[in-house]
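Below, each chain spelled out in residue letters.
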Amino acid sequence: MLTNLPARVTITEVGPRDGLQNEPAPVPAVAKIAFINALADAGLTQIEATSFVHPKAIPQLADAEEVCRGLPSRAGVTYSALAPNLRGYDRAAACGVRRVAVFTAASETFARRNINMSIAESLSAFEPVLRAARGDGVSVRGYVSTCFDCPYEGAVDRRRVLEVVRALLDLGVDEVAISDTIGTAAPTDVVATVGYVLQHVPRERIALHFHDTCGTGLANVVAGLELGVTRFDASAGGLGGCPYAPGAAGNLATEDLVYLLERMNISTGVDLRKLVAAARGIHEAIGGGFPSRQMRRLEAGRGT
Ligand code: MG
C-alpha cells in the first residue's frame, strides 16, 4: 500500500466557480479577480474562474465577462470557465477563455433537475461546443456529477458512470472529472467505481472531484492516488456548500489537499501559506464560511 505514488499531482482549483456559485452572498467581481490572482500567486496553474451559464440560473456568476476580462494572462496558468452550450461557449471565447468545461451527470434524475436535460440531451448539446472549441484550439473538460450517490436515485451504477465518461471522451473532451457531488463516497466506493472506469479509460484522462460533506474527501484522494490518478479538484477555503446538505462542508479544501500531498512527497507546485492567505481573503469577502483544517492550523500560528 502507498508504494506506487505519483511524483506530482495537478490540482484544478474550482473555488472561484464551484465554490462561489454556492455562496449566498454576492461577491464583487473585483474580489473574485483578487482571489484568482492570489490563487495563481500561490502556484495553482489550473483555475476554474467562472461559469457562462445563463445569468438567471446562477446570479452569483452573472459577472463572468467582467471576471474573465479582468484576469491578467500569466505564463503557465490556465483559466477555465463552464460553458454548458454554444451560447455560453461564445461568451467565454469572446473573453479569451482558452479552456472550457461542460457538465452532465451519471444519474438521469440529477441531470434533469440540475441542468434540465436528460443525459443524452446534454451530450447532444455539447457537440456544437466541442466542434467550436476544436476549431478555436480551446481545450474542453467534462464533469460527470453524482458518480457515486444521487440525492434522488441513491447508489449510482458504475457501468453508467463509465458510459457517460466514455461518451464525453468520444465527443472530444480531454479530461473527465468524476465527481462526488453530495460528498458521500468512501475509499471503497472510489476503488469500485473509479477503478472500474480505469479498466477502460486511460488514467491521464481522469480527474477526481471530491466533496468533504462526510469528512471522506482526503481519504478518497488517497484511494485515487492508489489507483494512479494524478488529477484532483479542490476549492480554496473549502468554498461551496453541499446543496443537498445545508450547512455541511462542501468541496474538498485545496489547502487540505496540498498539505496531504506535499506531506506524502507528492509535488503540487503550491505554496501552502500563500494558499491559506488566499482562502482567508475570500472568506473575508463572503463574510464567513468554514475555515479548512489548514486555515485553522496555520492561522493559529502553529507549524509550517
Ligand atoms: Mg464541487
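Just above sits the structure.
All residue numbers refer to position in the chain's written sequence, counted from 1. For a predicted model such as this one, the threshold for reporting local features is a pLDDT of at least 70, and the threshold for listing and counting side-chain atom pairs is 80 or more; totals across whole chains, interfaces and linings nevertheless cover every residue. For side-chain calculations, the full set of non-hydrogen atoms in the structure is used, while hydrogens and water are omitted.

Participant: Before we go on, may I ask you to explain the overall build of the protein in this structure?
Facilitator: The way it works is that DSSP assigns letters per residue, a run of H or I at least four long becomes a helix, a run of E at least two long becomes a strand, and they are numbered from the N terminus. Regarding its fold elements, the protein presents 12 helices and 10 strands. For a compact globule of 304 residues, the expected C-alpha radius of gyration is about 19 Å, and the protein comes in at 18 Å, within 12% of that figure. Overall size of the protein, expressed as C-alpha extent along the three principal axes, is 50 × 45 × 35 Å. Taken across its 304 residues, the protein has 55% of its residues classed as buried. Atoms counted for the radius of gyration: C-alpha only. Globule rule: 2.2 Å times residue count to the power 0.38. Relative accessibility thresholds used throughout: buried, under 20% of the residue-type maximum; exposed, over 50%; partly exposed, between the two (1.4 Å probe, protein chains only).

Participant: What is the right way to look at the packing of helix α6 (residues 119–136) against helix α7 (residues 158–171) in this model?
Facilitator: The description of two helices packed together rests on the angle between their axes and the distance between the axes. Lines are fitted to the C-alpha atoms to define the axes, a helix being fitted only along its stretch in contact, and any angle between axes, read from their N-to-C directions, falls within 0 to 180 degrees. Across the interface, α6 lies against α7 with an axial gap of 9 Å and an inter-helix angle of 25°. As the angle between them shows, α6 and α7 are arranged roughly parallel. Handedness of the crossing formed by α6 with α7: right-handed. Between α6 and α7, the residues in contact are Ile-119, Leu-123, Phe-126, Glu-127, Leu-130 and Arg-134 and Arg-160, Val-164, Ala-167, Leu-168 and Leu-171, respectively. Any residue that is not Ala, Val, Leu, Ile, Met, Phe, Trp, Tyr, Cys, Pro, Asp, Glu, Lys or Arg is counted as polar, Gly included; the first ten are nonpolar and the last four charged. Taken together, the residues of the contact of α6 with α7 sort by class into 8 nonpolar, no polar and 3 charged. In what follows, roughly perpendicular refers to angles from 65 to 115 degrees, roughly parallel to angles under 35, roughly antiparallel to angles over 145, and oblique to any angle outside these ranges. What makes a crossing left-handed is the near helix being turned counterclockwise from the far one by less than a right angle; a clockwise turn instead makes it right-handed. We call two residues contacting when some pair of their heavy atoms lies within 4.5 Å.

Participant: How should I be thinking about the nonpolar core in this particular structure?
Facilitator: Among soluble globular proteins, nonpolar side chains are generally buried collectively. By nonpolar core we mean a set of buried residues, namely Ala, Val, Leu, Ile, Met, Phe, Trp, Tyr and Cys, connected to one another through side-chain atoms within 4.5 Å. In this structure, Val-100, Val-165, Leu-168, Ile-178, Ile-206 and Phe-232 are the most contacted members of the largest nonpolar core, which totals 103 residues. Discounting chain neighbours no more than four positions away, the residues touching Ile-178 are Val-144, Cys-147, Phe-148, Val-165, Val-194, Val-197, Ile-206, Ala-207, Leu-208 and His-209.

Participant: Teacher, can you tell me more about the coordination of the magnesium ion here?
Facilitator: Six octahedral donors around a metal ideally sit at 90 or 180 degrees from one another, while four tetrahedral donors ideally sit at 109.5 degrees. Only nitrogen, oxygen and sulfur atoms qualify as donors, provided they sit within 2.8 Å of the metal or within 3.2 Å for Na, K and Ca; with water excluded from the atoms, sites may seem incomplete. Within the first shell, the magnesium ion binds the protein through Asp-18 (OD), His-209 (NE2), His-211 (NE2) and Asn-251 (OD1), at distances of 1.9 to 2.3 Å. Counting residues between consecutive donors of the magnesium ion along the chain gives the motif D-x190-H-x1-H-x39-N. Of this pair, His-211 sits in the loop between β9 (206–209) and α9 (217–226) while Asn-251 sits in the loop between β10 (231–234) and α10 (254–263), and the two are 40 residues apart along the sequence. Each member of the pair, His-211 together with Asn-251, is buried.

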